Amino acid sequence: MNGSRIAAVGHYQPARILTNEDLAGMVDTSDEWITSRVGIRTRHIAGPDEPVDELAGHAAAKALAAAGLTPADIDLVLVATSTAIDRSPNMAARVAARLGIPSPAAMDINVVCAGFTHALATADHAVRAGAATRALVIGADKMSDVTDWSDRTTCVLVGDGAGAAVVEASREAGIGPVLWGSVPEMGHAVRIEGQPARFAQEGQSVYRWATTQLPAIARRACERAGLAPEDLAGVVLHQANLRIIEPLAEKLGAVNAVVARDVSESGNTSAASIPLALSKLVEQGRISGGDPVLLFGFGGNLSYAGQVVRCP
């Protein structure tokens, strides 16, 4: 085996839907204000009895079922999240316990909105190196736990959810080389900090960075996979807001690709946003098995990570 591939994906969102009209009754905002600035119409919000590992577990179980595998087939669990309340046991161990996965390596990865693509690269490296046979890679965040619901600049953005992928060895590389990095001196631009922890960001700084610096980086991720942007069948960017997704996708030049716009329905779900959006595209049949798809995460820490994958 010379590579790894995504064998299957799955996603989960809580049942409660919070609309822009609902938010207009909570803070000084309106549907027109929200949709015109960030393109979000609804978001799913988890209840107090729905912890992050439960969201992650549901998504992971769906991915396992889609792959035709059992929990015993998994020996590595990676959970990308930045909203874990407890330090130990970590989310990965809790998910493994929920699913009944015996003796896996279990690690959390906190790179905020770029967490899933970092975790996917880590799983790819582990499988190709022979350190793991099959991995569950999960992005899960409960952003409602870290949101100031009186702050209209941030509460209109967020949602809760999870997405998961099963990664396994393959004869050909179904997960391309990762291109990753950060701008650590600008880490203050997106924060989840304090007691209690609260999400805050410098919106204009993030917007300028994402729309001016990231298109060239995303193109380099395509180059590492030996593809031009016009060869892509799909583009799944971090679902931050449409005012970032649409210009970034246009500047990338992926003229033949389906561009994920799940942010309109789901809001910004941080590390969950990419696998959640990818799973929906697969479920809807908008991309097909073997199609090349660019996954590109960016945001917190002004970190980024992208790779071209073959659709399961």
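Residues numbered from 1 in each chain as written. Predicted model: local features only at pLDDT ≥ 70, side-chain atom pairs only at ≥ 80, totals over all residues. Heavy atoms only, no water.

A. Looking closely at the overall build of the chain. For the chain, the helix and strand inventory stands at 11 helices and 14 strands. Over its C-alpha trace the chain gives a radius of gyration of 18 Å, about what one expects of a compact globule, namely 20 Å for 312 residues. Within the chain, the fraction of its 312 residues that count as buried is 57%. Sequence separation of 24 or more characterises 76% of the internal contacts of the chain that already satisfy a separation of 6 or more. A total accessible area of about 12,200 Å² is found for the chain, and carbon and sulfur atoms account for 47% of it. If the 26 positive side-chain charges of the chain are averaged to one point and the 33 negative ones to another, these points end up 3 Å apart. (Helix = DSSP H or I, 4+ residues; strand = E, 2+ residues; numbered from the N terminus. Rg over C-alpha atoms; globule rule 2.2 N^0.38 Å. Buried < 20%, exposed > 50% of the residue type's maximum accessible area, 1.4 Å probe, protein only. Contact = heavy atoms within 4.5 Å. Areas by Shrake-Rupley, 256 points an atom, 1.4 Å probe, with all protein chains shown as cover. Lys, Arg positive; Asp, Glu negative; His and termini not counted. Charge placed at Lys NZ, Arg CZ, Asp CG, Glu CD.)

B. Region of the structure containing the layout of surface pockets. Here the largest pocket is characterised by a volume of approximately 600 Å³. What lines the largest pocket is a set of 21 residues, among which Ser82, Ala84, Asn110, Ile192 and Ala197 lie closest to the centre. Broken down by element, the lining of the largest pocket gets its largest block of residues, four residues, from strand β9 (residues 190-193). The residue makeup of the lining of the largest pocket, split by class, is seven nonpolar, seven polar and seven charged. By volume, the second largest pocket is sized at about 520 Å³. Looking at which element gives the most residues to the lining of the second largest pocket, the answer is helix α7 (residues 203-212), with four residues. (1 Å grid on protein atoms, 1.4 Å probe; cavity = no way out; pocket = protein on both sides within 12 Å on 5 of 7 lines; lining within 4 Å. Points joined across faces, edges and corners; volume = space filled by probe spheres on them. Nonpolar A, V, L, I, M, F, W, Y, C, P; charged D, E, K, R; others polar.)

C. Layout of the environment of Ala254. The residue Ala254 is located in the loop between α9 (242-252) and β12 (258-259) in this model. Here Ala254 falls in the buried class, since its relative accessible area comes to 10%. In sequence terms Ala254 and Ala233 are 21 residues apart; their C-alpha atoms lie 8.2 Å from each other. For Ala254, the contacting residues outside a window of four places in its chain are Pro229, Glu230, Leu232, Val235 and Ala249.

D. Inspection of the pairing of β9 at higher detail. Sheet analysis places β9 next to strand β10 (residues 198-201), joined by four bridges and oriented antiparallel. Bridged to Val190 within β10 is Gln201. Linkage of β9 to β10, two consecutive antiparallel strands, is achieved through a turn of four residues, within which Gly194 is found at a positive phi near 100°. (Pairing = 2+ DSSP bridges.)

E. Representation of helix α8 (residues 214-224). Listed in full, the buried residues belonging to α8 are Leu214, Pro215, Ile217, Ala218, Ala221 and Cys222. Within α8, the buried residues cover an arc of 165° as seen down the axis, which keeps them to one side. If you follow the buried residues of α8, they end up packed against β8 (179-182), α7, α9, β13 (292-298) and β14 (303-310). (Arc of directions from axis to C-beta.)

F. Structural detail: α7. Within α7 the residues assigned to the buried category are Ser205, Val206, Trp209, Ala210 and Thr211. Check the buried side of α7 and you find it contacts β9, β10, α8, α9, β13 and β14.

G. Molecular detail of the sheet that holds strand β11 (residues 234-237). An order of β8-β14-β13-β11-β12 is seen for the five strands of this open sheet, with the pairing classed as mixed. The strands lining the two open edges of the sheet, one partner per strand, are β8 and β12. The strands that α9 touches are β11, β12 and β13; relative to β11, the one it contacts most, it runs at about 140°. (Axes fitted to C-alpha atoms, helices over the stretch in contact; angles between N-to-C directions.)

H. Broad picture of the pattern of salt bridges. For the structure shown, the criterion picks out 13 salt bridges. The partner of Glu202 in a salt bridge is Arg191, and the shortest N-O contact between them spans 3.9 Å. Here the residue Glu202 occupies a position in the loop between β10 and α7, and Arg191 occupies one in strand β9, the gap between them amounting to 11 residues. The exposure class of Arg191 is partly exposed, given its relative accessible area of 24%. When salt bridges with common partners are traced through the structure, they connect Arg5, Arg134 and Glu168 into a single cluster. (Salt bridge = Lys/Arg side-chain N within 4 Å of Asp/Glu carboxyl O.)

So far we have only geometry, and geometry alone does not tell us how the molecule works.
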